[in-house]
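Structural description and commentary
Below are the chains, spelled out letter by letter.
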Amino acid sequence: MSANKIIFLNQKGGVGKTTSVVNLGAALALRGKRVLLIDFDSQGNLSSSLSADNSAPGTYDILTEQISAKEACQKTSINNLDIITANIDLAGLNIELVNVENRNYYVKNALAELENSYDYIIGDCPPSLGLVTINTLVWASYVIIPMQCEYLAMEGLNSLMRTVASIKRSLNQDLTILGILFTMFTKRTKLANEVVEDVTQYFDNLVFKTKIPRNVRLSEAPSHGLPIFAYDKHCLGAKAYYKLSKEVITRVE
């Protein structure tokens, strides 16, 4: 059975993309799924969040055909959870591929050999719509859009929806928005509840029931190179991501 290929995408930074990739991946692994996380961001935050060796060959080396995708997979401290790392080398790839034939299909072709090795492959995208991000949209089956509960985030959401629709029409007919995930949610604030209400009104079938709370333990875990389940499995953040993993499984399986 082919892997479920999911990317977390938002053109706005600081919305909890990397935190969500790490902890959804770990939650799925804890549920017995074989999971691979791929860092597509040259900042390498996903890699450092799991104490992975980002000096080892990773995404850049795969896409420049220096090594195979299977050779780049690293084990993590969590059973069933592997990672392909990224570092600053990846920043130059947009320029290197700009005049290459079939440049939008590099990720899809390079990762094809992994599809039968995992149940889920989850990518962390950079907060921009460069060539690497377009490649991930051509490769992926599903997009999850993490968003904060603020009005500026709602403006970006419409733009992102248009981008995904455009890629679906022209380059990847199988691309589906799996859901909109509210992150850093504080139910006590009027603004947060109003944003949730407004987005749900327009995109009811897309909004995940699970909301990720603003949680200090979630913020602390990356500095220790651990997913939340290895850092504090009893905190509210851990419970939310474990609940989200069940929702994701229900939607794709």
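Residues numbered from 1 in each chain as written. Predicted model: local features only at pLDDT ≥ 70, side-chain atom pairs only at ≥ 80, totals over all residues. Heavy atoms only, no water.

**Some points on the pairing of strand β4 (residues 81-84)**
The two faces of β4 match: Leu81 and Ile83 on one face and Asp82 and Ile84 on the other face are all buried. As judged from the four bridges shared by strand β2 (residues 35-39) and β4, these two strands associate in the parallel manner. If you follow Leu37 over to β4, its bridge partner there is Ile83. Sheet analysis places strand β3 (residues 74-75) next to β4, joined by two bridges and oriented antiparallel. By the bridge assignment for β4, Gln74 is matched with Ile83. In sequence, β3 turns back onto β4 through a hairpin of five residues, with Asn80 there showing a positive phi of about 75 degrees. (Buried < 20%, exposed > 50% of the residue type's maximum accessible area, 1.4 Å probe, protein only. Helix = DSSP H or I, 4+ residues; strand = E, 2+ residues; numbered from the N terminus. Pairing = 2+ DSSP bridges.)

**Focus: the side chain of Asp61**
Of note, Asp61 is situated in helix α3 (residues 59-63). Of the side chains with opposite charge, Lys70 comes closest to the buried, unpaired Asp61, at an N-O distance of 18 Å. Non-local contacts of Asp61, meaning those with residues more than four positions away in its chain, are made with Ala56, Gln66 and Ile67. (Lys, Arg positive; Asp, Glu negative; His and termini not counted. Salt bridge = Lys/Arg side-chain N within 4 Å of Asp/Glu carboxyl O. Contact = heavy atoms within 4.5 Å.)

**What to know about the side chain of Asn87**
With respect to the secondary-structure elements, Asn87 resides in the loop between β4 and α5 (93-96). Among all residues touching Asn87, those that are not within four sequence positions of it are Ser42, Asn54 and Ser55.

**Structural notes on the pairing of strand β5 (residues 120-124)**
Summarising burial for β5: five of the five residues are buried, a large majority. On β5, burial covers both faces: Tyr120, Ile122 and Asp124 on one face and Ile121 and Gly123 on the other are all buried. Two strands pair when backbone bridges link them, and strand β1 (residues 4-8) and β5 are joined in this way by five bridges, in the parallel orientation. Residue pairing for β5: Ile6 is matched across the bridge by Ile122. Inspection of the sheet shows β2 paired to β5 by five bridges, in the parallel sense. Note on β5: the bridge partner recorded for Asp39 is Asp124.

**Some details on the environment of Asp198**
Among the structural elements, Asp198 can be located in helix α9 (residues 190-202). A relative accessible area of 24% means that Asp198 is categorised as partly exposed. It is 36 Å that separates the C-alpha atoms of Asp198 and Ala86, two residues lying 112 residues apart in sequence. The contacts of Asp198, once residues within four sequence positions are left out, are Tyr151 and Met154.

**So, the sheet that holds strand β7 (residues 176-183)**
Ordered by their spatial adjacency, seven strands build an open sheet running β3-β4-β2-β5-β1-β6-β7, and the pairing between neighbours is mixed. Each having just a single partner strand, β3 and β7 make up the two edges of the open sheet. Most of the contacts of helix α12 (residues 236-252) go to β7, to which it runs at about 165 degrees, and overall it touches β1, β5, β6 (142-148) and β7. (Axes fitted to C-alpha atoms, helices over the stretch in contact; angles between N-to-C directions.)

**Some words on the layout of surface pockets**
One water molecule sets the probe size; rolling that probe over the atoms shows where empty space is left. The volume enclosed by the largest pocket comes to roughly 390 Å³. As for the largest pocket, its lining consists of 24 residues, of which Val15, Gly16, Lys17, Thr19 and Met184 are closest to the centre. Of all the secondary-structure elements, those providing two or more residues to the lining of the largest pocket are α1 (17-30), α2 (45-49) and α10 (216-220). Volume-wise, the second largest pocket comes out at about 180 Å³. As for the second largest pocket, its lining consists of Phe185, Thr186, Lys187, Arg188, Lys211, Pro213 and Arg214. Its residues assigned to classes, the lining of the second largest pocket comprises two nonpolar, one polar and four charged. (1 Å grid on protein atoms, 1.4 Å probe; cavity = no way out; pocket = protein on both sides within 12 Å on 5 of 7 lines; lining within 4 Å. Points joined across faces, edges and corners; volume = space filled by probe spheres on them. Nonpolar A, V, L, I, M, F, W, Y, C, P; charged D, E, K, R; others polar.)

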